[in-house]
Amino acid sequence: MKVILHDLTKEEISGSIQSSKEELVILTKKEKEPHYCIGCFGCWIKNPGECVIKDGYEHMGEYVGNCEEFIIISKCIYGEFSPYVKTLIDRSISTCHPFFTKREGMMHHRLRYDNNPKLTVYCYSEGLTEEEKRTFTNRCKAMAIDLGTKVPFIHFINGKQALGGVRI
């Protein structure tokens, strides 16, 4: 299963993503914005693996933890994901346990799922500086370690229009 998290409109995504017939979970903006993670640890203690905020995005940890490939399409804003994408990445904290382990020589949370999804990121923006690209790349590498994945595939795309040829 592939999970696609993006910040595009329905029109933009239908014109941009051409997919094979594999099972897809596409996480797109609903009528209302997602709730921010409130750091209550309910996804670790009350309902392990599931967020306690019931706004349609409560299964982020399950989706990311059980997928073969996690694909993110996001506008780059000062070297970081767009607010919508960042909010849902934060809401996927239930991919791990509250306990710590050492990975890549650093302390990280122990993974909840016995899965190492491939991480592919499409970063679009016009006129990204080298510093923004470096910051974004470092952010993706850190997220890959958190997910138990070693090497993220990062594609920088100049402008939203250039997404038209992306095949997922």
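Residues numbered from 1 in each chain as written. Predicted model: local features only at pLDDT ≥ 70, side-chain atom pairs only at ≥ 80, totals over all residues. Heavy atoms only, no water.

> Where do I start with the sheet that holds strand E2 (residues 24-27) in this structure?
The pairing of strands in a sheet happens through backbone hydrogen bonds and is either parallel or antiparallel. Within the open sheet, the 5 strands sit side by side as E2-E1-E3-E6-E7. Their pairing is parallel. If you trace the sheet from one side to the other, it starts and ends with E2 and strand E7 (153-158), each paired once. Between one strand axis and the next, the sheet turns through 15 degrees on average, direction left out of account. In this sheet, E7 lies alongside strand E6 (residues 118-125) in parallel orientation, the contact comprising 6 bridges. Residue pairing for E7: tyrosine 122 is matched across the bridge by histidine 155. The sheet contacts of helix H3 (residues 83-90) involve strand E1 (2-6), E2 and strand E3 (69-75), and relative to E1 the element is tilted by about 135 degrees. Its contacts with the sheet place helix H4 (residues 130-147) against E3, E6 and E7, and it is angled at close to 155 degrees to E6. (Pairing = 2+ DSSP bridges. Helix = DSSP H or I, 4+ residues; strand = E, 2+ residues; numbered from the N terminus. Axes fitted to C-alpha atoms, helices over the stretch in contact; angles between N-to-C directions. Contact = heavy atoms within 4.5 Å.)

> Is there a simple way to explain H4 in this structure?
One turn of the α-helix equals 3.6 residues, which is why residues spaced by three or four share an orientation. An ideal rise of 1.5 Å per residue puts 26 Å on 18 residues; H4 measures up with 26 Å between its terminal C-alpha atoms. Every buried residue of H4 is accounted for by Glu132, Phe136, Thr137, Arg139, Cys140, Met143, Ala144, Ile145 and Leu147. (Expected span 1.5 Å × (residues − 1). Buried < 20%, exposed > 50% of the residue type's maximum accessible area, 1.4 Å probe, protein only.)

> Could you clarify how one ought to interpret the side chain of glutamate 58 in this entry?
Topologically, glutamate 58 is positioned in the loop between E2 and helix H2 (60-66). Among buried charged residues, glutamate 58 stands out as having no salt bridge; its nearest opposite-charge side chain is arginine 91, 5.0 Å away. Dropping the residues within four chain positions of it, glutamate 58 is found in contact with Glu50, Cys51, Ile53 and Arg91. (Lys, Arg positive; Asp, Glu negative; His and termini not counted. Salt bridge = Lys/Arg side-chain N within 4 Å of Asp/Glu carboxyl O.)

> Explain the packing of aromatic side chains here, please?
Remark: the centre distance and the inter-plane angle together describe each pair of aromatic rings, the angle taken between the planes. This model, assessed by the stated rule, comprises 4 aromatic pairs. Here the aromatic rings of tyrosine 57 and tyrosine 84 are separated by 6.2 Å at their centres, their planes lie at 75 degrees, and the arrangement is edge-to-face. Residue tyrosine 57 is found in the loop between E2 and H2, and its partner tyrosine 84 is found in helix H3; the two are separated by 27 residues along the sequence. Residue tyrosine 57 is classed as buried on the basis of its relative accessible area of 2%. With a centroid separation of 6.1 Å and an interplanar angle of 65 degrees, the aromatic rings of phenylalanine 136 and phenylalanine 156 are classed as edge-to-face. With phenylalanine 136 in helix H4 and phenylalanine 156 in strand E7, the pair connects residues that are 20 residues apart, well separated along the chain. Overall, phenylalanine 156 belongs to the partly exposed group, its relative accessible area being 31%. Among the aromatic residues, those joined into a ring-pair cluster are Phe81, Phe136 and Phe156. The side chain of lysine 118 reaches across the aromatic face of phenylalanine 153, ending 5.0 Å from its centre. The cationic tip of lysine 133 hangs over the ring face of phenylalanine 156; the distance from NZ or CZ to the ring centre is 5.6 Å. (Phe/Tyr/Trp six-rings, centres within 6.5 Å; stacked < 30°, edge-to-face > 60°. Lys NZ or Arg CZ within 6 Å of the ring centre and 35° of its normal.)

> Mind showing me how you'd approach the pattern of salt bridges here?
Two side chains carrying opposite charge are able to pair once their charged atoms lie near each other. Within the structure shown, the criterion is met by 7 salt bridges. The residue glutamate 69 makes a salt bridge to lysine 2 at a minimum N-O spacing of 4.0 Å. Remark: lysine 2 occurs in strand E1 and glutamate 69 occurs in strand E3; sequence separation between them is 67 residues. Arginine 91 is paired through a salt bridge with aspartate 55; the nearest N and O atoms lie 3.0 Å apart. Placement of the pair is arginine 91 in the loop between H3 and strand E4 (96-103) and aspartate 55 in the loop between E2 and H2, with a sequence separation of 36 residues. The same class applies to arginine 91 and to aspartate 55, which are both buried. One network of salt bridges, with partners in common, ties together Lys2, Glu69 and Lys118.

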